[in-house]
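# Tertiary structure, described
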Amino acid sequence: MKNFSPALRLLAVLAVIALAWSLRTNTAAKLPVDYDEDDYLRAAQEYAAVFRSGDLRGLMEFNYRPEHPPLAKIIYGISLLNVPVTTLLPDRGTSASPDQFLPLPQKKAARAVAAAFGALEVALLALLNPLAGFLLAINALTGKYTSQIMLESLPAFTSLASVLAYTRYKRQAQKGWLATSAIFLGLTATSKYLYAVVGVAILADWLFATPKTLPDLKRFLRLALLWGGLALLVFLAANPYLWPNPLGRLADSLFYHAKYSTTAVEVEQNNFPFYQPFVWIFLFSVGQWHPDVFSFVLDPLIALFACLGLTRMWKRDPVYIFWLVIGMAFLLVWPTKWPQYMVVLTAPLSLSAAEAIGGFGVGIWKDWQQAHAQKVNHTLERRDGRRALPWLIPGLIFFAALTLYPLIFQFAMSLTDFNSTSIMDGLKGGVWREVWGGLTGQIKATPIDSAYQDRAVTFIGAETYLPILDYITTSGILGFNLLWTFLSVILQTGLGLGAALLLWNQRVAFRRGWQALFILPWAIPETIGAIMWFTVLSTATGWLGLAAQKYGETIPFSFLLNWERNPGATLLVLLICSLWYGFPFMMLAASAGLKLIPAEVFDAAAIDGASVWQVFRHISWPLLLPLLLPAVIVRGIFVFNQFYLFQVSQMYGNFSLTTLATLSYNIFNPAAGGFGRPAGEFAISAGLNMLTMLILVIFVVIFTRWSKAGEGLNDA
Amino acid sequence: MRKLTRWQQLGRQILLALIGLYVLIPIWITLRLAFDGALIGRPTEFRLFPKQFSFEPLLRVLDRPYQSVEFLSLLKNSLLVSFGAAILAMLLGASLAYAFARFRFPGRQAGLFLLLLMAVLPPVAFMTPLYIVLSALGIRTTLWALVIVYAAFAMPFCIWNMRAAFQAVPKEVEEAAYLDGAGYLTTFAFITLPLALPSIAVAALIAFLMAYSEFALGWLFVEKASTVTLAMSIYSIVQTGNAQPWSQLGSLTLVISAPVVIIFILFQRTLLERLTFGAASD
């Protein structure tokens, strides 16, 4: 981002802020009332009444839902001063379903304030990195909870401000920035306790950055105490509810949370597993709840990219990593796991994703320039071309007919509305007629809303891709597909490499036997392997389920029981099948690679007294990586398009996790159906296939780029 | 190679046994179901071994596993389609692969990129276009249609793999043959091809396996019971849900896996030594 001129950068920041504001006002206008919104609006009404009465002592008396500190609620109260007064909303339990009929002007005013702080949070992040700001702006989960009357948007803003002020202090050593950081931290804690984890992150980073000498540590201790003390003072000052009885009321609210997390009905009913935060971040798309409000939800993709940007973010400033790790650790341990808590992490996640994308962008740009700098010898190519011709011609004809023609036809289909209604026309050349006419301008494109009805194929154009992209992102399928590929390939490579290393030494007993056994899953057709695993794991009829019936629910692997109902556990089960089927291939690739490493290298390492881990980390792994890459890419493509496992899995449980290839097949298949349309949508399936191709090509490019970067790191 | 101490050996064996257990569990459960004569419908209790050991489900599967279609007919269809697809993909792909491996012709990079595009397409992408071509040829509902579809599906991968195999043959060997007066074709047929053959066989095996386990495209083409393959039949049995006869399903999975497993075990040495994984530099 450094090569951007300041003006361009400013423009980008402004554009991102405008985007964030418009997205948040849009969601604020459209979203239905959520749990707790009615409660916080009631609290705001009370504060508005206090302000109107002019007797501000009321601030010390009121704090509806006292378990949460009052600042955000007070600010919502101020927002109500300009709108007509209504009767106080009724006092309802936390588990009561939300009251959809909130007074409209009040709801609007309060949500506007929330959206404003939401946009401010984006603005702060955009100042640091415009791309990160953009990603946070389009993050649907953050967008939802920072434009509703929730307690998220104010502390999300102040906590980010606190961290940014601290990083300023680190670079410039001006105590003013430290004080700013403390003030914002205090305000954060007065809005919602949870967001104060950034305070812990700052402390951790501070200690980490302090040289470990006695004078430095003493200085750190003194400053940190001052910083913490100031934050505490701000917390008390901004929290009038605590003034009459500070310790008692503080203890009440803190104990409430401990009790709530273990006893509340709604918490128990949901019964989220400890890893639910990961499910919220990587597997869930808010679009599933509000398909009409959100489109193009990229949250899971952003999270996935964030994983790739961690090292770059660490180099930028470790405090963001501390923020992510400490925040995540807290969410994993804390028994209550509402989705809105993820807003604590979305700012550093967006930053990390932006770092990853920025890194790839720069790298690919450099590759491109390098590739163009190389000159090709054309005469040599032409002479070789004549000799190659006889070899090319026979294969080329069939290749063109069998694979090239389908590719072009798929693209043509994807621009039309070809489906089972227009099947006769399409099969008799209607697709070519329409696409040729459409692309040459002889036929006018039909608007997408009036298509899909006719018995003749009609040309729509590239517009067909928009609803497909919207669907695969908003439903979270694309995010799942990428996460699936990422996890499955890592596991397969890990186990395959592990098995190959275990079997490497020729003196291992029964070496051939183990090898033959481990290849077995690869020889078993994928469909069959999937059926076998579901026979083991299905809760109703599987071996595991039957074992639980016989020996009680405390058997090993009992956490997989009822996996059909939990997306996290479903993913785990699917990964078990996929790993079983896929690791032998990686084992073979790894053994083939290991054989190519000269034994002398290891002898030399042994003489130098290297440990097993050192040998692996500094010799085997760097030498093996380039040899493993092609296998990893082949595996990655295969796993991304994994079909048979998912198709069979639908017979054993009805869940929404699927790959694009499976989706495409079921949309295509006239006997199956999906996608909210009748089955036999050939054109939509073709569009999906084109997108799959595009995604995989990008994936291959990024991956080769990333692995090159990895090699560079190893050389350094 | 370094000698292993007794503890190192033991540790390795324990880890290997754990992986072995992971590999064996689903196979064992399938065996237990396949040979349980007492099982009617779905399993209702946890067992490690069959309640009543019997070959009956296996024999029933070997007779008529799917509706009234005979097992031998299914097997014949499966083998015909899989061998056909593998051989077709090899025959058509070999010359292209050789050209990509040996010559630097204009458009080579573009061709390789195109090959990658084909390889990343999901299988269903081949469906409509080939449906139209095969209908025009009048062979859409025959087994030949399946052979062609599966060959098209496997071809990009086969070309990719064979190209690596040809590249692995040292150029010097070919040049020596030219110097001795052999033509291009002679060199290819008598020098390069035999040297690359084991790797090509592996690619063929993978193409075979792709076709052997395919059911989804098959069901979109096939209309008559006489052209159903084994993989297609097992999928339609699974589709019936819990009503499926579980012990027969177990037997059928065994019977389907057995031929491939035997081939793999026979080819194990080649697999371990010759698989190149497309690891040719480019």
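Treat the numbers as computed from the prediction; the structure is a model and nothing was measured.

Rules and cut-offs
- Numbering of residues starts from 1 in every chain and runs along the sequence as written.
- Each chain gets a letter, beginning with A, and each ligand a number, beginning with 1, in the order they are written.
- Given that the model is predicted, a residue must reach a pLDDT of at least 70 before its local features are reported, and side-chain atom pairs must reach 80 or more before they are shown or counted; all residues, however, enter totals for whole chains, interfaces and linings.
- Labels follow the DSSP assignment, with helices taken as runs of H or I lasting at least four residues and strands as runs of E lasting at least two, numbered in each case from the N terminus.
- Radius of gyration: over C-alpha atoms. The globule rule applied is 2.2 Å multiplied by the number of residues raised to the 0.38 power.
- Neighbour density around each residue's C-beta defines its exposure: 20 or more other C-beta atoms within 10 Å make it buried, 12 or fewer make it exposed, and counts between make it partly exposed, where C-beta atoms are placed from the backbone.
- In this description, a residue-residue contact is defined by the distance between C-beta atoms placed from the backbone, which must lie within 7 Å.
- pLDDT is defined as a per-residue confidence score from the predictor, taking values between 0 and 100.
- A set of buried residues qualifies as a nonpolar core if it consists of Ala, Val, Leu, Ile, Met, Phe, Trp, Tyr and Cys joined through C-beta atoms within 7 Å.
- Residues are grouped as follows: Ala, Val, Leu, Ile, Met, Phe, Trp, Tyr, Cys and Pro are nonpolar; Asp, Glu, Lys and Arg are charged; every other residue, Gly included, is polar.
- Domains are outlined according to an automatic or database domain assignment.
- In a helix, the anticipated span is given by 1.5 Å times the number of residues less one.
- In this analysis an axis means a line fitted to C-alpha atoms, helices contributing only their contacting stretch, and an angle means the value between N-to-C directions, from 0 to 180 degrees.
- Each angle gets one of four labels, with under 35 degrees taken as roughly parallel, over 145 as roughly antiparallel, 65 to 115 as roughly perpendicular, and the rest as oblique.

### Thoughts on the overall build of chain A
The helix and strand tally for chain A stands at 30 helices and zero strands. Against the 2.2 N^0.38 benchmark of 27 Å for 716 residues, chain A shows a C-alpha radius of gyration of 29 Å, consistent with a compact globule. Taken over the C-alpha atoms alone, chain A extends approximately 95 × 80 × 70 Å along its principal axes. Looking at chain A as a whole, 47% of its 716 residues are labelled buried. Contacts in chain A between residues at least 24 apart in sequence constitute 75% of all its contacts with a sequence separation of at least 6.

### Focus: the overall build of chain B
Each helix and strand counted, chain B has 12 helices and zero strands in total. Reading the helices (α) and strands (β) of chain B from amino to carboxyl end gives α-α-α-α-α-α-α-α-α-α-α-α. Dimensions of chain B along its principal axes, counting C-alpha atoms only, are 70 × 70 × 30 Å. Taking all 282 residues of chain B together, the buried fraction comes to 46%. Relative to all contacts within chain B whose residues are 6 or more apart in sequence, the contacts with residues 24 or more apart total 73%.

### Points about the confidence of the model for chain A
With 95% of its residues at a pLDDT of 70 or more, chain A has an overall mean of 86. Per-residue pLDDT stays below 50 along residues 711–716 of chain A; that stretch engages in two contacts with residues further than four places along the chain or on separate chains.

### Focus: the nonpolar core
Residues and elements named next belong to chain B. Ranked by size, the top nonpolar core spans 297 residues in total, and within it Ala85, Ala89, Val149, Tyr150, Ala151, Ala154 and Ala207 carry the most contacts. A per-element tally of this core places helix H6 (residues 143–168) first, with 20 residues. Aside from chain neighbours lying at most four places away, what touches Ala89 is Ala151, Ala154, Met155, Cys158 and Ala207.

### Points about unusual backbone geometry
Its identity as a non-glycine residue notwithstanding, Phe296(A) has a phi of 55°, on the positive side. If you trace the backbone, Phe296(A) turns up in the loop between helix H13 (276–283) and helix H14 (299–308).

### Section: the interface of chain B and chain A
Across the contact, 82 residues belong to chain B and 84 residues belong to chain A. Take the side of chain B that touches chain A: its biggest share by element is 15 residues, from helix H1 (residues 6–34) of chain B. Split by residue class, the side of chain B that touches chain A holds 60 nonpolar, 16 polar and six charged.

### Section: the domain arrangement of chain B
Think of interface size as the accessible area that goes away when the parts come together; that is how it is often given. All names here are of chain B. For chain B, the assigned domains are domain 1 (6–62) and domain 2 (66–274). Contact with domain 1, which involves 14 residues of that partner, is made by 12 residues of domain 2. Of all the elements in the fold, those that place two or more residues in the side of domain 1 that touches domain 2 are H1 and helix H2 (56–63). For the side of domain 1 that touches domain 2, a count of residues per class yields nine nonpolar, two polar and three charged.

### Things to note about helix H9 (residues 197–209) of chain A
All names here are of chain A. Taking 1.5 Å per residue, 13 residues should reach 18 Å; H9 reaches 18 Å between its end C-alpha atoms and fits that length. What H9 keeps buried is the set Val197, Val198, Gly199, Ala201, Ile202 and Asp205. Of the surrounding secondary structure, the elements contacted by the buried residues of H9 are helix H7 (153–172), helix H8 (175–191), helix H10 (214–237), helix H16 (318–333) and helix H17 (343–373).

### Description of the domain arrangement of chain A
Residue and element names in this part refer to chain A. If you check the domain split of chain A, you get domain 1 (6–90 + 103–360), domain 2 (394–460) and domain 3 (475–675 + 683–715). The straight-line distance from the C-alpha centre of domain 1 to that of domain 3 is 37 Å. Counting from both sides, the interface comprises 13 residues of domain 1 and, opposite them, 14 residues of domain 3. Of all the elements in the fold, those that place two or more residues in the side of domain 1 that touches domain 3 are H13 and H14. When its residues are assigned to classes, the side of domain 1 that touches domain 3 shows 10 nonpolar, three polar and no charged.

### Side note on the confidence of the model for chain B
Residues and elements named next belong to chain B. Confidence in the prediction for chain B averages 81 pLDDT; 93% of positions are at 70 or higher. Summarising per-element confidence for chain B, the mean pLDDT is lowest in helix H12 (residues 268–274) (68) and highest in H1 (90). Note that pLDDT drops below 50 for residues 278–282; the model gives that stretch 12 contacts with residues more than four away or on any other chain. Listed scores for the predicted complex are pTM 0.85 and ipTM 0.87.

### Let's talk about the packing of helix H4 (residues 104–128) of chain A against helix H5 (residues 130–138) of chain A
For any two helices packed against each other, the geometry is given by the interaxial angle and the distance between the axes. All names here are of chain A. Running from amino to carboxyl end, H4 crosses H5 at an angle of 155°, the nearest separation of the two axes being 5 Å. Taken together, the axes of H4 and H5 lie roughly antiparallel to each other. Residues Val122, Leu125, Ala126 and Leu128 of H4 form the contact with H5, whose own contacting residues are Pro130, Ala132, Gly133, Leu136 and Ala137. Residues belonging to the contact of H4 with H5 are distributed by class as follows: eight nonpolar, one polar and no charged.

### Remarks on the packing of helix H3 (residues 71–102) of chain B against helix H10 (residues 230–238) of chain B
Residues and elements named next belong to chain B. In contact at an axis separation of 8 Å, H3 and H10 are set at 120° when each is read in the N-to-C sense. Between H3 and H10, the crossing angle belongs to the class labelled oblique. Together, Leu74, Leu75 and Ser78 of H3 and Leu230, Ala231 and Ser233 of H10 make up the contact between the two elements. Grouping the constituent residues of the contact of H3 with H10 by class yields four nonpolar, two polar and no charged.

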